[in-house]
Amino acid sequence: MTAPVTQAVRRRVTVRGTVQGVGFRPFVHRLATGLSLTGFVSNTANGVLIEVEGPPDRVADFCDRLATEPPPLAAVTDAGVEDLPVSGADDSFAIRATDDSPGRTHLPPDTATCADCLRDLADPAGRRHRHPFVTCTHCGPRFTIATGMPYDRAVTTMTGFPMCSDCAREYGDPLDRRFHAQPVACPGCGPRLRLVPAAGSDVGPARDADPLVTARALLAAGRIVAVKGLGGYHLACDASDARAVETLRSRKARGGKPFAVMCADLDTVRRIAVLSAPELAALASPRRPIVLLRRRAGRAGLAPGVCPGSPHLGVMLPYTPLHTLLFGLPGDPPGPRVLVMTSGNRSGEPIVTDDDEALVRLAGLADAWLTHDRPIASPCDDSLLRVRPDGTEQVLRRSRGYVPRPLRLPVPVRPALAVGGDLKNALCLGEGDHAWFGPHIGDMGDLTTLEAARRAEAHMRCLTGVAPEVVAADRHPGYHSARWAARLAGHAPVLVQHHHAHIASTMAEHGLDGTAPVIGVAFDGTGYGDDGTVWGGEILLADYRGFRRYAHLAPAPLPGGDAGVANPCRLALARLWAAGLPWDATLPCVKACASDELALLHRQLERGLACVATSSMGRLFDAVSSLVGVCHRAGYEAQAALELEAAAAAAWDAETSAYAFAGDLDPAPVLSALVADLRRGTPAPVLAARFHRGVARAVAEICRRVRRDTGLATVALSGGVFANALLDEECTRLLTGDGFAVLRHGEVPPNDGGLALGQLVVAAHLRQEE
């Protein structure tokens, strides 16, 4: 008896998500041919379109494995399946050309060099031996070279590099891991490096020398080299050379702000820092962020000027072939194993990406430029994160490795743009149930940064296809970002209160739909309050529709406004004055000021001249830092608070006492107790630890009061102060121990870099109600 013939079926599968530029089509081709199925796969602007035909069990297996076995960089968010009539027209499974019809798909972020490409780089017998641009579908640039969508070589900055016959063969072979890898290249077809000495320097011309060999030698000799990376230039120097580090710090006018470093390998990282398993995983992930690690005791071979006043090191590993070659392959002449790698810009300016501009804007900073001829389509600074004790990550700067990966929104939004704030600016586009952060821009203090924000907005609109119908901004009347938003909208944008946006961003990241309010603890340095004062120590009852200010830090004068932030000693004196405490000549903050400065400040406070009231928790941390003798003058943002945290960490395990606030976060009793302990000679680390614990206990007590009054039991922690690891952990420990659900930031920064997400969901909710 003849076995029955199985009836064939045909299905169309539309796969959405991050499925272009990641080797998804060759994966589909291999999967289908392995199951002896026929049909085709094609890129479209909406994702990947597949039609597959064959026996029902094999077609079902194919559809299952699409979602469970995707390529490493792919992220499938949706796979729509529909039945089609069997055609019988296909005799194989084909990869068709890209369909350029309108729609939307997700572009992957830039990704660190994969292990296969690193082997190619080091293989003397391979044709990509020592090629600084080796890449494949599993690694390399994506976002920073893309100029349009759908993602194809013609809409990248590789369009100016025609492929040689060997690269074209690999590019067209579905079985090759470089199949449709848009940045594919080799030494024969480019891109190419060159080394440019600074005008008038004693660095000799490098016409015939290998640019990488020359750059490595310059770094070993203590010189500063501007290195062109994926998303912009870095300024690099030998991190063990004290003179080189101080020269770079002086040229860049960086003050005492810590430098990030790049280590040649994990063994080098372990020599300078303490590394946990979750920190290792973050450091070595394809995202390759800067990870804040605990510095090993002593200098561990690092120059003192790398990270003065900080117990942490910002560390990253090489993420491009060029970086790997800069440290050298086995057998190369020895060079530095740890490099300072700081953003290629002058203080306050955006990172430099254009080659001609780099020669101008970095003149006087670099002794030479290690550059290449592949253009950068979009600036993208290094991302920064820390790993909590429980292994979760807290991103502090979300940029390279993350952008433009979308975030899933808990509520649908009309096409919208949120422009964030003026500090740590990062914009956010949203439509439907997705939001896309742009790269970190920086502080909107000058025209170059504003122009960088304009270019970032245009680039993100191009890549996402979002045409904003709503524009949202901060309520601060003096913000450059708010004025820019008004010009973009052509009318008044939706203005969102700063701390409401902080809490809303936490809610959105955790998938809350906003129908129920949360207890929002928003602690930061500066945010424009509804009463015209500077807020920043807020306990809010908030949802997406609005908020109520339940409690706040007792205000104090901020002498000199924003300009006064650079002088924590003045903030300390203003806090003492507001608390009715005398300026005892023995106090560190008093001794830090000259007599005429003290007299002028006293008149200012008495008369209220150039003083604005502030409830900022960030400013209280600055004030306490000076009061206990840690930091009196700040050379960079949050220096005083960071150094206070470092002091507290030194006594944290041994000191469990806490100062007590009065009422609704009135710090007068805390300041009084600090002064008394100072007179008793209590060490600064103990004072700092008691202060940190006191803030956390005050938060827990107010949240308990809110729960008694309202029944709310979910707490959202947001604002730049919660980048403080000690405060973040202690608040969470106390609150969770008391039965609260605690929402903390993960992939969205707690500082103003995450502000735009909150603006987006608040603005969308308000417009829905109109």
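Criteria and cut-off values
Residues numbered from 1 in each chain as written. Predicted model: local features only at pLDDT ≥ 70, side-chain atom pairs only at ≥ 80, totals over all residues. Heavy atoms only, no water. Helix = DSSP H or I, 4+ residues; strand = E, 2+ residues; numbered from the N terminus. Rg over C-alpha atoms; globule rule 2.2 N^0.38 Å. Buried < 20%, exposed > 50% of the residue type's maximum accessible area, 1.4 Å probe, protein only. Contact = heavy atoms within 4.5 Å. Areas by Shrake-Rupley, 256 points an atom, 1.4 Å probe, with all protein chains shown as cover. Lys, Arg positive; Asp, Glu negative; His and termini not counted. Charge placed at Lys NZ, Arg CZ, Asp CG, Glu CD. Phe/Tyr/Trp six-rings, centres within 6.5 Å; stacked < 30°, edge-to-face > 60°. Lys NZ or Arg CZ within 6 Å of the ring centre and 35° of its normal. Core = buried A, V, L, I, M, F, W, Y, C linked by side-chain atoms within 4.5 Å. Salt bridge = Lys/Arg side-chain N within 4 Å of Asp/Glu carboxyl O.

(A) Quick look at the overall build of the protein. Along its length, the protein carries 22 helices and 27 strands. For 770 residues, the compact-globule estimate of 2.2 N^0.38 gives 27 Å, and the protein sits close to it at 28 Å. Overall, the C-alpha framework of the protein stretches about 100 × 65 × 50 Å when taken along its three principal axes. Taking all 770 residues of the protein together, 57% fall into the buried category. Long-range pairs, those at least 24 residues apart, make up 72% of the contacts in the protein between residues at least 6 apart in sequence. If you sum the accessible surface of the protein, you get close to 28,300 Å²; carbon and sulfur atoms cover 53% of it. Within the protein, the 83 negative side-chain charges are centred at a point lying 4 Å from the centre of the 80 positive side-chain charges.

(B) Molecular detail of unusual backbone geometry. For the bond running from Gly190 to Pro191, omega is -5 degrees, close enough to zero to count as cis. Looking at the element boundaries, Pro191 is found in the loop between helix H4 (165–171) and strand E6 (193–197). With an omega dihedral of 10 degrees, the bond running from Val403 to Pro404 counts as a cis peptide bond. Along the chain, the position of Pro404 falls in the loop between strand E16 (393–397) and strand E17 (407–418). A positive phi angle is found at Ala253, which is not glycine, with a value near 50 degrees. Tracing the sequence through the fold places Ala253 in the loop between helix H6 (242–252) and strand E9 (260–263). Overall, the relative accessible area of 56% leaves Ala253 in the exposed class.

(C) Quick peek at the environment of Leu427. On the secondary structure map, Leu427 appears in the loop between E17 and strand E18 (428–437). In contact with Leu427, other than residues within four places in its own chain, are Leu417, Ala418, Val419, Trp436, Phe437, Gly438, Ala453, Ala456, Glu457, Met460, Trp484 and Ala756.

(D) The packing of aromatic side chains, seen in detail. Across all of its chains, the model carries four aromatic pairs by this definition. Here the aromatic rings of Trp535 and Phe547 are separated by 6.4 Å at their centres, their planes lie at 90 degrees, and the arrangement is edge-to-face. Within this pair, whereas Trp535 is found in strand E22 (residues 534–542), its partner Phe547 is found in strand E23 (residues 547–552), the two being separated by 12 residues in sequence. Among the residues examined, Trp535 registers a relative accessible area of 3% and is labelled buried. Their ring planes at 70 degrees and their centres at 4.8 Å tell us that Phe621 and Phe691 sit as a pair that is edge-to-face. Remark: Phe691 occurs in helix H20 (residues 684–710) and Phe621 occurs in helix H17 (residues 617–627); sequence separation between them is 70 residues. The pair formed by Phe621 and Phe691 is uniform in burial state, with each residue classed as buried. The ring of Phe740 is capped by Arg707, whose NZ or CZ atom sits 3.9 Å from the centre of that ring.

(E) Structural context of the nonpolar core. By size, the foremost hydrophobic cluster in this structure holds 68 residues, and its most contacted members are Phe523, Leu627 and Phe691. Here this core gets 13 residues from one element, more than from any other, and that element is H20. Apart from residues no more than four positions distant in its own chain, Leu627 is found in contact with Ala572, Leu576, Leu587, Pro588, Cys589, Leu671, Leu674, Val675 and Leu678. Counting residues in each nonpolar core, the second largest holds 41 residues, with Ile224, Cys237, Cys263 and Ala273 among its members.

(F) Layout of the pattern of salt bridges. In the structure shown here, the tally under the stated rule is 55 salt bridges. Of the charged contacts in the structure, one is a salt bridge between Asp83 and Arg11, with a shortest N-O distance of 3.3 Å. Of this pair, Asp83 sits in strand E4 (residues 75–84) while Arg11 sits in strand E1 (residues 9–18), placing them 72 residues apart in sequence. Residue classification places Asp83 among the exposed positions, given a relative accessible area of 60%. Using a relative accessible area of 24% as the deciding quantity, one classes Arg11 as partly exposed.

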